[in-house]
Amino acid sequence: MIRDMIGASAAIRQIPSHGQDKPLDTGGAGITASIGNDGKLRSFNDKHSVHGYVTLTGIEPFPNSEWYHSDYVRSYRTLLVESDVTGFGCVPEQAEDTRLFLIDHRYPAWESAGGSWEAAAIYLVDESATGSPRLVQWVRCRNTSGEPIDMRWNFGGRFSLHRCSYGQLTEGGPIPLPETKLGLSADQRGLYIQSPSYAAEAAILLFGWDHALEEEPRSISKNTDKPVDYSKPLTVRLMPGETRDLFVTYQIRDLNDTAGANSFHYGAPNADDLTAAIGSNDLKLLPSAEALPGIHIWARNVDYILSCCAVPVRPDYCCILTDHQLLPLSWNRDSFYMMMLLVQAYEQAEHLFRNPEKIRRRILHVLRGHLLWMFERADCPEQYWGRAYLTNGYCKDLIYQLDQQCYPLWELAVYYQLTEDRAVLERCKDRFVQAVQGLFHVKDPDHWLFRTAETPADDKVELPYHLSSHILLWKTLQAVEQLNQTTGWLQEDIGAWAEGAKQAVAEHFSGSWKGSPVWAYLTDGRGRHSYYHDANDLPTVLAPEWGFVEPGTQAWEQWNATMAFAFTEENKGGFYPGPFGGLGSVHTPHPWPLGDAQELAWHRLNGRPEDWARVWSKLQATGQRDGLFSEAVDEQTGRVRSRYWFSWPGAAIAMEWLKHSR
């Protein structure tokens, strides 16, 4: 039935169901949703002008007493996947077989059948409606019998509307949640969930059904602090052979956003319009691209960024979330690699997409919006970028990380090289100059070493100078110097800064492992070293690609020995042996797909295709069923151990796949 709804040109991929699987995700215009194996939503989310990101879900709000209890944070993050009672929405009763699909690597869908009927549903965001953008569940059902039937549906579920927790394993300062007060009401058109604590309201509306949801408006619950249950059976009368289109729409409005178009949209969706929207999807791949082994991983990760992580913030800003579900915050570090995947898609558009100019326009719009969000909207109360941000630009963790100061500068240089957009350059000027000059404030008085308070894993440092951050700093300063040749904004000799940072690595990070020269992970610049390598330290493995080391040199041998050390048990806290073992992090003590991305890069740069294929095979076994990747997996079983949603590793893995495949 799905093919009947969308036409012949769409790519449809069936998604396996194993019971405890990450739901399938979709989004657009800042709203996102995750759909479970049963076709019910596990969450529906939208940005909020005050609270950053709010969620409609069946899960209770995170308790304020548990912020610093990492075990609780981990268990809370699994509820949307592992709980059996959190779904809501509308699904048929007594389905004998339900199969899940992704259409064009973007739209979740299901097909189901009963004894006398068949049905399908597609979930997509309607961005054209007046008022709030909305998620549409487009259902098509058909009577396959020779008799009239009353097809029965279950509508409802468990509901709570509250702020996302933002709970972190390395908590940098929690933002307490207000006391939740919920109210539910229903009328002829649908169900409404009010959350006065958050100045937010959600609406779930029905279109095309035989009967009203409620004959008269009624209040179901008021001022409760617990998720509220609501259930209503619905019946659709189908004549023999009859096919009917039905719709359920989901919306959230921000009651604080008086300047925005935040009213609910009560117009009925149109099936022809939805078919046209799917058909004109700018992420639709060329048939030759669809045939590439592994393309679904690349395409799914590109779409996840554009559909679920790129959150438009008025008037022309775009916040990039590290995930839309568990930790909807923005890190400069994570978002840089996500944006570089989009740059890769931009550069390869002619070879991959059916409408390359359309996807290029969309990518440039996101890149531009993200730069303006970082340079104009993201708060820097101490004149530097903090660790993590809410969508509205509020700095959640005002902690100094050296690499977080570098990535926006380099991203601006990459954008200008792509576009020569001088208008964006000028808007970023003041913050850009301030950020470059601010780097000198953390410089060692005697050496070209630059302090950081935390590693890229968000862990405190025991020694102040960090290896991969200096490799990144060198690359960033090179990009800044090139940009400065165009702008003339900086009078400092940035090239000399870059050379100083490179020499500092050779002078102060040099050490030894098994008789081979390696780089230390941390140093105090006075002879003390710490040896370790973390899945989060991508600049180290990418040093040759960036030009920091050249083949055949001593520095190359030092880099290679450092990476060899990283993938041994002597890398205490960083490497985890086992059938699915690999490079991980003390931050979450298991192998990380992000560490596998590093191993892919290491083998690619050394010209070892068989080793690359071995790691890729492991990733196909440990990755999520839809092509996305988690934070960490079990070294013995390969199952997810931490954070089912996490965009950065998927971006890094997808980029490595295309670099290898070209």
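Since the structure is predicted, the reported quantities are computational estimates derived from the model, not experimental observations. Residue numbers restart at each chain and count upward from 1, following the sequence in its written direction. Residue-level local features of this predicted model are given only where pLDDT is at least 70; pairs of side-chain atoms are given and counted only at 80 or more, and the full residue set underlies all totals for whole chains, interfaces and linings. As a rule here, side-chain values cover all heavy atoms of the structure and leave hydrogens and water aside.

**With respect to the side chain of Thr32**
For Thr32, the position within the fold is in strand β3 (residues 31–35). The exposure class of Thr32 is buried, given its relative accessible area of 2%. Residue contacts for Thr32: discarding those within four places in its chain leaves Thr26, Gly27, Ser43, Phe44, Asn45, Tyr53, Ser307, Cys308 and His324. A run of H or I in DSSP counts as a helix once it spans at least four residues, and a run of E counts as a strand once it spans at least two, with each numbered from the N terminus. Each residue is assigned to one of three classes by its accessible area relative to the maximum for its type, calculated with a 1.4 Å probe on protein chains only: buried under 20%, partly exposed between the two thresholds, exposed over 50%. Two residues qualify as a contact provided that any one of their heavy atoms is within 4.5 Å of a heavy atom in the partner residue.

**Digging into the pairing of strand β12 (residues 182–186)**
For β12, a buried count of 5 out of 5 residues is recorded, marking the element as mostly surrounded by other parts of the structure. Of the two faces of β12, the one lined by Leu182, Leu184 and Ala186 and the one lined by Gly183 and Ser185 are each fully buried. As defined by bridge partners, β12 adjoins strand β15 (residues 218–224) across 4 bridges and the pair is classed as antiparallel. Counterpart to Leu182 in the pairing with β15 is Thr224. As paired strands, β12 and strand β13 (residues 190–195) are joined by 4 bridges and run antiparallel to one another. Strand pairing is assigned whenever DSSP identifies at least 2 bridges connecting the two strands.

**Focus on helix α13 (residues 494–508)**
Between its first and last C-alpha atoms α13 spans 21 Å; for 15 residues at 1.5 Å apiece the expected length is 21 Å, and the two agree. On its buried face, α13 is in contact with α11 (422–439), α12 (467–487), β21 (510–513), β22 (516–519), β23 (522–523) and β24 (529–530). Working rule for helices: expected span equals 1.5 Å times residues minus one.

**Some words on the packing of helix α17 (residues 593–605) against helix α19 (residues 647–661)**
The axes used here are C-alpha line fits, helices contributing only the stretch in contact, and every angle between their N-to-C directions lies in the interval 0 to 180 degrees. Between α17 and α19, the shortest axis-to-axis distance is 8 Å and the interhelical angle comes to 20°. The angle between α17 and α19 falls in the class roughly parallel. Every pair of crossing elements has a handedness; the one defined by α17 and α19 is left-handed. For the pair α17 and α19, contact is made by Pro593, Leu594, Ala597, Leu600, Ala601 and Arg604 and by Trp648, Pro649, Ala652, Ile653, Glu656, Lys659 and His660, respectively. Partitioned by chemical class, the residues of the contact of α17 with α19 number 9 nonpolar, 1 polar and 3 charged. Angles below 35 degrees are treated as roughly parallel, those above 145 as roughly antiparallel, those between 65 and 115 as roughly perpendicular, and all remaining angles as oblique. Working rule for handedness: look at the near helix, and if it is turned counterclockwise from the far one by less than a right angle, call the crossing left-handed; if clockwise, right-handed. Three residue categories are used. Nonpolar comprises Ala, Val, Leu, Ile, Met, Phe, Trp, Tyr, Cys and Pro, charged comprises Asp, Glu, Lys and Arg, and polar comprises the others, including Gly.

**Quick word on the state of the cysteines**
In a disulfide, the sulfur atoms of two cysteines are covalently bonded to one another. Cysteine sulfur atoms are paired as a disulfide whenever they come within 2.5 Å of each other. Per the counting criterion, the structure on display carries 0 disulfides. Summary of cysteine pairing: Cys90 is not part of a disulfide, and the nearest cysteine sulfur, belonging to Cys141, is at 9.8 Å. By relative accessible area, Cys90 is classed as buried at 1%. In this structure Cys428 is a free cysteine whose sulfur lies 12 Å from that of Cys380, the closest cysteine sulfur available. Residue classification places Cys428 among the buried residues on the basis of a relative accessible area of 0%.

**Here we look at the packing of aromatic side chains**
Stacked, edge-to-face and tilted are the three classes for Phe, Tyr and Trp ring pairs, Trp counted by its six-membered ring, which pair at centre distances within 6.5 Å; planes under 30 degrees apart are stacked, over 60 edge-to-face, the rest tilted. Throughout the structure, instances matching the rule amount to 34 aromatic pairs. Relative to Tyr337, the ring of Phe336 has its centre 5.3 Å away and its plane inclined at 90°; by these criteria the two rings are edge-to-face. Of the two residues, Phe336 and Tyr337, neither departs from the other in class, the shared state being buried. Joined through ring pairs, the aromatic side chains of Phe336, Tyr337, Tyr407, Trp410, Trp546, Trp592, Phe646 and Trp648 make up one cluster. Arg360 extends its terminal NZ or CZ atom over the ring of Tyr346, reaching a point 5.5 Å from the ring centre. Consider the ring centre and the ring normal. A charge sits over the ring if Lys NZ or Arg CZ is within 6 Å of that centre and within 35 degrees of that normal.

**Description of the layout of surface pockets**
Buriedness for pockets is judged along seven lines, at least five of which must meet protein on both sides within 12 Å for an open set on the 1 Å grid over protein atoms alone, while cavities are sets there where a 1.4 Å probe fits but cannot get out, and lining residues have an atom within 4 Å of a point. Grid points are joined across faces, edges and corners, and a volume is the space filled by probe spheres set on the points. The calculated volume of the second largest pocket comes to roughly 800 Å³. Contributing to the lining of the second largest pocket are 31 residues, with Met340, Val343, Trp410, Val414 and Lys475 lying nearest its centre. The set of elements that each furnish at least two residues to the lining of the second largest pocket consists of α7 (332–347), α10 (402–419), α12, α14 (538–541), α15 (543–546), α17 and α19. Among the residues forming the lining of the second largest pocket, the class breakdown is 19 nonpolar, 6 polar and 6 charged.

**Let's talk about unusual backbone geometry**
Each neighbour pair has its own omega, and for Arg314 with Pro315 the value is 0°, a cis peptide bond. One non-glycine residue, Gln94, lies in positive phi territory at about 55°. Structurally, Gln94 can be placed in the loop between β6 (88–92) and β7 (97–103). Located in the positive-phi region is Gln383, a residue other than glycine, with phi close to 70°. Inspection of the secondary structure puts Gln383 in the loop between α9 (356–377) and α10. Given the relative accessible area of 43%, Gln383 is considered partly exposed.

**Digging into the environment of Lys460**
Tracing the sequence through the fold places Lys460 in the loop between α11 and β20 (465–466). In sequence terms Lys460 and Ile399 are 61 residues apart; their C-alpha atoms lie 9.9 Å from each other. Apart from the residues within four sequence positions on either side, Lys460 is in contact with Ala453 and Glu454.

**Quick word on the sheet that holds β12**
On the basis of which strands lie adjacent, the open sheet formed by 10 strands has the order β1-β7-β8-β9-β10-β17-β14-β13-β12-β15 and antiparallel pairing. Each having just a single partner strand, β1 (12–15) and β15 make up the two edges of the open sheet. Neighbour-to-neighbour, the strand axes of the sheet open up by a mean angle of 15°, direction not taken into account. Against the sheet, helix α4 (residues 271–279) engages β7, β8 (107–113), β9 (117–126), β10 (134–143) and β17 (243–254), with an angle of about 115° to β10.

**Re the pattern of salt bridges**
What makes a salt bridge here is a side-chain nitrogen of Lys or Arg within 4 Å of a carboxyl oxygen of Asp or Glu, nothing more. This structure, assessed with the given rule, holds 52 salt bridges. Close ionic contact of Lys396 with Glu171 constitutes a salt bridge, the shortest N to O distance being 2.4 Å. With Lys396 in the loop between α9 and α10 and Glu171 in the loop between β11 (149–163) and β12, this residue pair connects regions lying 225 residues apart in the sequence. Of the residues examined, Glu171 reaches a relative accessible area of 13% and is grouped as buried. Between Asp282 and Arg362 there is a salt bridge, with the nearest N and O atoms lying 2.8 Å from each other. Placement of the pair is Asp282 in the loop between α4 and α5 (287–290) and Arg362 in helix α9, with a sequence separation of 80 residues. The buried category is assigned to Asp282, whose relative accessible area is 10%. When its relative accessible area of 18% is taken as the criterion, Arg362 is described as buried.

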